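Here is what each chain is made of, one letter per residue.
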Amino acid sequence: MEEEYAALLANQTWDLVPRPPGCNVVTGKWIWTHKRRADGSLDRYKARWVLQGFTQRPGVDYDETFSPVVKPATVRTILSLALSRSWPVHQLDVKNAFLHGTLTETVYCSQPVGFVDPSRPEMVCRLNKSLYGLKQAPQA
């Protein structure tokens, strides 16, 4: 959880602000998963702060939710081409990929449970970057 929270702060995901009157504050929760190695053994524990996007209001907290995705047939075609022409193939993983998307809407969320600023517990987070669980996160 501390590693995830540090990543959120390092990416300047939000600014703590006083709660505006009448605004919708999206709540969140911690999701824990086990990351495993290729042989099935436990590699590490992973925690992710996920917002509960079902509490967002259309037209207020989000507008567009469409996200283009690659079809599996396209990936297979490209890999077949690479194999037939002896092209090198590389893979990469972007850590905290959703945290790199910039939001165009103003969205407020609660402070992460267990990491509430003790000097400003009444403040809420005004999001600068996308977070997992938001309706517009894949598009951002």
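In the block above lies the structure referred to throughout.
In this text the structure is predicted, and so the values were computed from the model without any measurement.

**Q** Could you clarify how one ought to interpret the packing of aromatic side chains in this entry?
**A** The description of an aromatic ring pair rests on the distance of the ring centres and on the angle between the ring planes. One pass over the full model with this rule turns up four aromatic pairs. An aromatic cluster of at least three residues, connected via ring pairs, comprises Tyr 5, Trp 14, Trp 30, Trp 49 and Phe 115.

**Q** I keep staring at the nonpolar core and nothing clicks. Help me out?
**A** Across soluble globular proteins, you tend to see nonpolar side chains buried next to one another. Counting residues in hydrophobic clusters, the biggest one holds 16 residues, and the most contacted among them are Leu 51, Leu 127, Leu 131 and Leu 134. Broken down by secondary-structure element, the contributors of at least two residues to this core are α1 (2-10), β4 (42-51) and β6 (124-127). The element best represented in this core is β4, accounting for three residues. When near neighbours in sequence (up to four residues on either side) are disregarded, Leu 51 contacts Val 26, Thr 27, Gly 28, Cys 109, Leu 127, Leu 131, Tyr 132, Gly 133 and Leu 134. In terms of nonpolar packing, the next biggest core, distinct from the first, is built from five residues, Val 17, Cys 23, Val 25 and Tyr 108 among them.

**Q** Explanation requested: the state of the cysteines in the structure shown.
**A** Such a bond, covalent and formed between the sulfur atoms of two cysteines, is termed a disulfide. In the structure shown here, the tally under the stated rule is zero disulfides. The thiol of Cys 125 is unpaired, and the distance to the nearest cysteine sulfur, on Cys 109, comes to 4.3 Å.

**Q** Is there a simple way to think about α1 in this case?
**A** An α-helical turn contains 3.6 residues, so any two residues separated by three or four positions project in the same direction. Every buried residue of α1 is accounted for by Glu 4, Tyr 5, Ala 7 and Leu 8. The buried residues of α1 all sit within an arc of 160° when viewed along its axis, so they share a single face. What points out from α1, more than 90 degrees from its buried face, is the exposed set Glu 2, Glu 3 and Ala 10. Among the structural elements, β1 (14-17), β3 (28-36) and β4 are those in contact with the buried residues of α1. The first or second residue beyond α1 is Gln 12, which carries a positive phi of 50°.

**Q** Whenever I open this one, the pairing of β4 confuses me. Can you help?
**A** One face of the sheet, then the other: side chains in a regular strand alternate in exactly this way. Both β3 and β4 contribute to a ladder of nine bridges, which runs antiparallel. In the sheet register, Gly 28 faces β4, and the bridge partner there is Leu 51. Counting the residues in the hairpin turn of β3 and β4 gives five residues, including Gly 40, whose phi is positive at 95°.

**Q** Explain the pattern of salt bridges to me, please; I cannot follow it from the model alone.
**A** Where charged atoms from two side chains of opposite charge come close, those side chains can pair. Summed over all chains, the structure comprises four salt bridges. Salt-bridge contacts for Asp 15 lead to Arg 126; the nearest nitrogen and oxygen are separated by 3.4 Å. With Asp 15 in strand β1 and Arg 126 in strand β6, this pair connects stretches of sequence that are 111 residues apart. Among the residues examined, Arg 126 registers a relative accessible area of 31% and is labelled partly exposed.

**Q** Honestly, helix α2 (residues 72-84) in this entry has me stumped. Any pointers?
**A** Look at α2: 18 Å from first C-alpha to last across 13 residues, which is about the 18 Å you get at 1.5 Å a residue. Immediately downstream of α2, the backbone of Ser 86 shows phi near 60°, a positive value.

**Q** I keep staring at a nonpolar patch on the surface and nothing clicks. Help me out?
**A** A cluster of nonpolar side chains, contributed by Val 70, Val 75, Leu 79 and Val 89, occupies part of the molecular surface with about 350 Å² of accessible area. Structurally, Val 70 is set in the loop between β4 and α2. Overall, the relative accessible area of 59% leaves Val 70 in the exposed class.

**Q** I'm lost on the sheet that holds β6 in this one. Help?
**A** Two orientations exist for strands paired in a sheet by backbone hydrogen bonds: parallel and antiparallel. On the basis of which strands lie adjacent, the open sheet formed by four strands has the order β1-β6-β5-β2 and mixed pairing. Edge positions in the sheet fall to β1 and β2 (25-26), since each has one partner strand and no second. Where β1 meets β6, four bridges bridge the pair, whose relative direction is antiparallel. Looking at β6, one finds that Val 17 is bridged to Val 124.

Conventions used here
- Residues numbered from 1 in each chain as written.
- Predicted model: local features only at pLDDT ≥ 70, side-chain atom pairs only at ≥ 80, totals over all residues.
- Heavy atoms only, no water.
- Phe/Tyr/Trp six-rings, centres within 6.5 Å; stacked < 30°, edge-to-face > 60°.
- Core = buried A, V, L, I, M, F, W, Y, C linked by side-chain atoms within 4.5 Å.
- Buried < 20%, exposed > 50% of the residue type's maximum accessible area, 1.4 Å probe, protein only.
- Helix = DSSP H or I, 4+ residues; strand = E, 2+ residues; numbered from the N terminus.
- Contact = heavy atoms within 4.5 Å.
- Disulfide = S-S within 2.5 Å.
- Arc of directions from axis to C-beta.
- Pairing = 2+ DSSP bridges.
- Salt bridge = Lys/Arg side-chain N within 4 Å of Asp/Glu carboxyl O.
- Expected span 1.5 Å × (residues − 1).
- Patch = residues over 30% accessible without salt bridge, like charges linked within 9 Å, V, L, I, M, F, W, Y side chains within 5 Å.
- Areas by Shrake-Rupley, 256 points an atom, 1.4 Å probe, with all protein chains shown as cover.

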